Amino acid sequence: MLKNESIGYFDAPVPENMNLVEEINKLRKEKNAVILAHYYQTGDIQDIADFVGDSLALAQWAEKTTADILIMCGVHFMGETAKILCPNKKVLVPDLNAGCSLADSCPAVDFEKFVKDHPGYTVISYVNTSAAVKAVTDIVVTSTNAKQIVESLPEDEKIIFGPDRNLGNYINSITGRNMLLWDGACHVHEEFSLEKILDLKKQYPEAEVIAHPECKKVVLTVSDFVGSTAALLKHTIQSDKKQFIVATESGVIHEMRKKSPDKEFIPAPPNDSTCACNECNFMRLNTMKKLYNCLKYEMPEIFVDETVQMKALVPIKRMLEISKKLGL
Ligand code: 13P
Ligand code: SF4
């Protein structure tokens with residue numbers, strides 16, 4: 001069991017002069033471990049990961065890995081999704097405190113009641129939810145496949161969509177559906193300042209504004225491109241533009257710069273801060289030192305109740321199957 005359960009990660013001392021990259025490489029080989037990282041992780045973690053991706057790609061990668069140990073450098077729901085897909089593997093997250101304000105905005109008991117109060121509705125949940133919420137869901141989606149999955153359902157299907165109201169509103173607007181929305185949001189994406197983005201547009205008139213659909217409608221309205229982290233990255237690679245104002249967690253800019261070193265990426269600033277960019281405090285809890293300790297001591301581990309795991313697996317598998325058919 002996790003020794004430092006109260007603090008959520010294994011805080012063993014690491015010698016100052018230790019080469020963490022070398023040690024992590026040695027250990028992952030010895031233990032047949034795979035390191036997966038989300039685009040919102042710090043650059044050093046993204047660089048050492050076996051695979052970096054958005055939340056759909058991380059789930060797809062987890063489903064197919066043959067490793068014995070899977071380290072999810074991301075937030076708790078990403079580790080849980082991997083554990084649901086691979087219940088017999090050891091799934092670790094460097095810091096268990098890495099939660100998600102969006103997942104927290106949808107407590108399972110309340111969501112279950114909401115679902116019960118609306119019989120006859122198909123329940124679509126964003127992947128940013130707890131395993132218990134997924135267990136009362138019909139199909140899980142991510143921002144990469146939400147539009148296509150909603151469109152794959154009959155036009156007159158009554159749909160509950162939770163928990164992100166911004167993503168839900170955005171999907172309603174581009175599909176013409178009228179899904180019933182849960183009133184949740186992400187504290188990072190809700191915070192982007194329209195005024196500051198418009199100021200940046202004046203400063204960089206040639207720049208494109210690109211935004212994650214978790215941002216508020218006012219930000220999406222002034223954006224030239226809206227998409228998941230993977231879609232934003234792909235867009236910056238394919239676009240002829242040379243400058244981008246990026247309205248999502250600034251960690252993704254690391255990969256954008258690597259893929260397009262000749263282009264300029266300007267992080268969109270939040271409302272209430274003197275800081276120029278917007279970081280997810282949960283994502284940033286993972287560090288190289290915690291990753292090393294996690295690999296070495298094989299903790300903290302993600303556990304999911306067996307009944308919840310079996311129920312939650314069904315809508316996640318449905319998402320993966322539909323995504324495969326759609327070539328996503
Ligand atoms: P993606 O699915 O685009 O990676 O988004 C995950 C997330 O947490 C956005 O805040
Ligand atoms: Fe959750 Fe928002 Fe952080 Fe994404 S950026 S993990 S939605 S709190």
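The structure under discussion appears in the preceding block.
What counts as what
Residues numbered from 1 in each chain as written. Chains lettered and ligands numbered in written order. Predicted model: local features only at pLDDT ≥ 70, side-chain atom pairs only at ≥ 80, totals over all residues. Heavy atoms only, no water. 1 Å grid on protein atoms, 1.4 Å probe; cavity = no way out; pocket = protein on both sides within 12 Å on 5 of 7 lines; lining within 4 Å. Points joined across faces, edges and corners; volume = space filled by probe spheres on them. Nonpolar A, V, L, I, M, F, W, Y, C, P; charged D, E, K, R; others polar. Salt bridge = Lys/Arg side-chain N within 4 Å of Asp/Glu carboxyl O. Helix = DSSP H or I, 4+ residues; strand = E, 2+ residues; numbered from the N terminus. Buried < 20%, exposed > 50% of the residue type's maximum accessible area, 1.4 Å probe, protein only. Near = heavy atom within 4 Å. Polar contact = N/O pair within 3.5 Å; in protein donor to acceptor, adjacent residues only side chain to side chain. Areas by Shrake-Rupley, 256 points an atom, 1.4 Å probe, with all protein chains shown as cover.

Taking a probe equal in size to a water molecule and rolling it over the atoms shows the remaining empty space. The final tally for this structure, using the stated rule, is 2 cavities of 30 Å³ or more. Taken as a whole, the largest cavity holds about 230 Å³ of empty space. In terms of lining, the largest cavity is formed by 24 residues, of which the most central are Y40, M78, N128, E214 and M283. Within the lining of the largest cavity, the residues separate by chemical class into 10 nonpolar, 12 polar and 2 charged.

Two side chains that carry opposite charge are able to pair once their charged atoms sit near each other. A full pass over the atoms with the stated rule returns 17 salt bridges. K201 serves as the salt-bridge partner of D224, at 3.8 Å between the closest nitrogen and oxygen. Pair noted here: D224 is in the loop between helix 11 (217–221) and strand 10 (225–226) and K201 is in helix 10 (residues 194–203), with a separation of 23 residues, a long-range link. D224 sits in the partly exposed class, given a relative accessible area of 44%.

Around ligand 1, the neighbouring residues are H38, Y40, D54, S55, N128, S143, H189, H212, E214, S228 and T229. For ligand 1, an oxygen atom lies 2.7 Å from a polar atom in the side chain of T229. Surface burial for ligand 1 is 96%, taken as the share of its 300 Å² of free accessible area covered by protein chains. Looking at the shell around ligand 1, its residues break down into 1 nonpolar, 8 polar and 2 charged.

Taken as a whole, the largest pocket encloses approximately 420 Å³ of empty space. Around the largest pocket, the lining is made up of 20 residues, and of these S143, T144, S228, A230 and A231 lie nearest the centre. Those elements that place two or more of their residues in the lining of the largest pocket are helix 8 (146–151), helix 9 (165–175) and helix 12 (229–238). If one sorts the elements of the lining of the largest pocket by residue count, helix 12 sits on top with 4 residues. Looking at the lining of the largest pocket, its residues break down into 11 nonpolar, 6 polar and 3 charged.

So yeah, pure geometry; function would need other evidence.
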